[in-house]
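Analysis of the macromolecular model
Here is how the chains run, residue by residue.
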Amino acid sequence: MPDTLAREADLPLTFAFEQSAAPIDTVERARLLANPGFGRVFTDHMAIVRYNEQQGWHDAKICPRAAFQMDGASAVLHYAQEIFEGLKAYRLADGGTALFRPEANAKRFAESARRMAMVPLPEAIFLDSIRELVRVEKDWIPEIEGGSLYLRPFMIASEVFLGVKPSSEYIYAVIASSVGAYFKAGAGAVTLWVSQDYTRAAPGGTGAAKCGGNYASSLVAQAEATRQGCDQVLFLDAVERKWIEELGGMNIFFVMDDGSLVTPPLTGTILPGITRDSILTMARAQGLTVREEPYAIDQCRADAASGRLVEAFACGTAAVVAPIAEMKMKDGAFTIGSGGPGQTTVRIRDALTGIQFGKLPDPQGWLERLD
Ligand SMILES: *Cc1c(COP(=O)(O)O)cnc(C)c1O
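The rules behind the values
- Residues numbered from 1 in each chain as written.
- Predicted model: local features only at pLDDT ≥ 70, side-chain atom pairs only at ≥ 80, totals over all residues.
- Heavy atoms only, no water.
- UniProt positions renumbered as here; feature names shortened; annotations may be inferred.
- Axes fitted to C-alpha atoms, helices over the stretch in contact; angles between N-to-C directions.
- Helix = DSSP H or I, 4+ residues; strand = E, 2+ residues; numbered from the N terminus.
- Parallel < 35°, antiparallel > 145°, perpendicular 65-115°, else oblique.
- Left-handed = near helix turned anticlockwise from the far one by under 90°.
- Contact = heavy atoms within 4.5 Å.
- Domains from an automatic or database assignment.
- Buried area = accessible area lost by both parts, 1.4 Å probe.
- Salt bridge = Lys/Arg side-chain N within 4 Å of Asp/Glu carboxyl O.
- Buried < 20%, exposed > 50% of the residue type's maximum accessible area, 1.4 Å probe, protein only.
- Nonpolar A, V, L, I, M, F, W, Y, C, P; charged D, E, K, R; others polar.

The name given to the protein in an unreviewed UniProt entry is Branched-chain-amino-acid aminotransferase, and the organism recorded there is Sphingomonas immobilis. Regarding the protein, the UniProt comment filed under Sequence similarities (unreviewed entry) reads as follows: "Belongs to the class-IV pyridoxal-phosphate-dependent aminotransferase family." According to the UniProt record, the Cofactor (unreviewed entry) comment for the protein reads "pyridoxal 5'-phosphate".

This is the structure in structure tokens:
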């Protein structure tokens with residue numbers, strides 16, 4: 001049903017521009033951008049598009065970032081009909097601005113919407129909202145090493161109704177946050193807590209959709225990881241509690257001693273990461289052997305002990321590529337490889353960020369230059 005509601009008549013939408021009357025001044029902005037951290041510095045504007053059944057997608061605008069006014073009966077507040085995306089705008093080596101594979105985010109956003117019985121946002125509207133917002137906010141891209149403008153598109157069910165059904169109204173918005181490194185350790189390595197009590201996604205569930213609910217249900221496991229002195233949680237499959245799936249918000253790769261890469265396959269319970277897909281594509285183009293196949297936690301532990309497993313890393317837009325030093329579980333901990341960033345992991349991270357920051361050739365045409 002939702003698909004038929006996304007009418008072609010909605011296109012194209014022109015984004016009106018309402019300039020902020022009280023933007024953060026350039027001195028304060030420079031101070032914020034010197035050490036932005038992750039997810040706490042926000043820009044002056046946001047993009048908004050609304051949907052209802054009568055008007056379709058309408059009222060597209062770039063406007064001052066402000067609090068939303070919401071009725072307490074808005075559907076999202078009760079039944080969590082919400083999806084989001086995450087992508088970055090980069091300052092290129094030549095001073096230009098670019099996005100990385102934004103059409104992949106647009107497509108995934110529409111797929112997440114379908115899974116959550118929301119009206120899919122036409123991909124062209126998604127892409128225009130990102131381009132328009134970045135054009136207005138490009139001075140918010142930090143010049144620091146590895147800095148970028150993190151873009152957070154999201155959509156919420158805004159119908160005021162307590163009955164349980166797909167909402168008939170939605171608010172789509174994009175906010176932007178100037179960011180530095182995701183992990184404090186920067187180029188260091190992270191430790192994982194293997195969750196044996198909690199799972200993230202079950203067959204037939206919402207694991208492949210980028211929805212807030214997946215994160216809500218992962219927080220208790222993440223809190224347990226923190227209590228165990230680990231940086232992130234690693235989830236196993238919900239059926240056998242045996243197969244490695246992914247982290248709360250990142251996919252995972254393993255590097256074997258023959259130089260091959262292994263990552264769990266996309267079976268519906270794992271989020272199809274764009275970073276994951278980019279790494280698979282680059283690795284195959286370089287002639288590396290890559291296998292998308294199930295990998296059991298016991299096998300992983302045995303391979304780490306025997307030396308067959310030499311490196312592991314997590315990947316996602318926010319943290320890019322994060323080396324994994326150690327895994328900890330109820331009956332003990334084990335180190336992977338040297339316990340520090342391995343050479344294949346570093347090579348993959350440098351190859352990916354090299355393309356994203358315009359320092360290396362872009363054979364796949366993944367960068368979209370905005371200026
Ligand atoms: C967003 C996300 C990822 C990473 O996806 P990218 O497109 O690479 O940023 C991985 N796992 C989960 C659960 C996610 O939400």
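Next comes the rest of the description.
**Regarding the packing of helix 4 (residues 102-115) against helix 5 (residues 123-137)**
How two helices sit against one another is set out by the angle between their axes and by the gap between those axes. Across the interface, helix 4 lies against helix 5 with an axial gap of 9 Å and an inter-helix angle of 130°. In terms of their interaxial angle, helix 4 and helix 5 are classed as oblique. You can see that helix 4 and helix 5 cross each other, and the crossing is right-handed. Across the interface between the two elements, Pro102, Glu103, Asn105, Ala106, Lys107, Phe109 and Ala110 of helix 4 pack against Glu123, Phe126 and Leu127 of helix 5.

**Structural notes on the domain arrangement of the protein**
Under the domain assignment, the protein is made up of domain 1 (10-179) and domain 2 (190-356). One C-alpha centre belongs to domain 1, the other to domain 2, and the line joining them spans 28 Å. With 19 residues of domain 1 at the interface, the matching set in domain 2 holds 20 residues. Buried area between domain 1 and domain 2, summed over both chains or domains, comes out near 1700 Å², and the portion from carbon and sulfur atoms is 61%. In terms of surface lost to domain 2, no three residues of domain 1 exceed Phe84, Phe100 and Arg108, which account for 36% of the buried area on that side. Where domain 1 meets domain 2, there are one salt bridge.

**Describing the environment of valine 160**
Structurally, valine 160 can be placed in the loop between strand 8 (148-157) and strand 9 (169-179). By relative accessible area, which is 47% here, valine 160 ends up partly exposed. Sequence separation of valine 160 and leucine 234 is 74 residues, and the distance between their C-alpha atoms is 37 Å. Every residue in contact with valine 160, bar those within four places of it in the chain, is listed here: Asp71, Ala73 and Ser74.

**Concerning the packing of helix 7 (residues 274-285) against helix 9 (residues 343-356)**
Where helix 7 meets helix 9, the axes come as close as 11 Å, and the angle between the chain directions of the two elements is 105°. The pairing of helix 7 with helix 9 is recorded here as roughly perpendicular in orientation. Packed against helix 7, whose contacting residues are Thr275, Ser278, Ile279 and Met282, the element helix 9 presents Ile348, Ala351, Leu352 and Ile355 at the interface. Classifying every residue of the contact of helix 7 with helix 9 by side-chain character gives six nonpolar, two polar and no charged.

**Description of the pattern of salt bridges**
Scanning the model with the defined rule gives 20 salt bridges in all. For glutamate 28, the salt bridge is made with arginine 31, and the minimal N-O distance between the two is 3.0 Å. One end of the pair, glutamate 28, and the other, arginine 31, are both in helix 2 (residues 26-34), three residues apart, so they sit about a helical turn from each other. We classify arginine 31 as exposed; its relative accessible area is 54%. Between aspartate 94 and arginine 369 there is a salt bridge, and its shortest N-O distance comes to 3.0 Å. Separated by 275 residues along the polypeptide, aspartate 94 in the loop between strand 6 (87-91) and strand 7 (97-100) and arginine 369 in strand 19 (residues 367-369) bring together distant segments of the chain. Looking at aspartate 94, the relative accessible area reads 54%, which means it is exposed. A network of salt bridges, in which partner residues are shared, links Asp128, Arg131 and Glu368.

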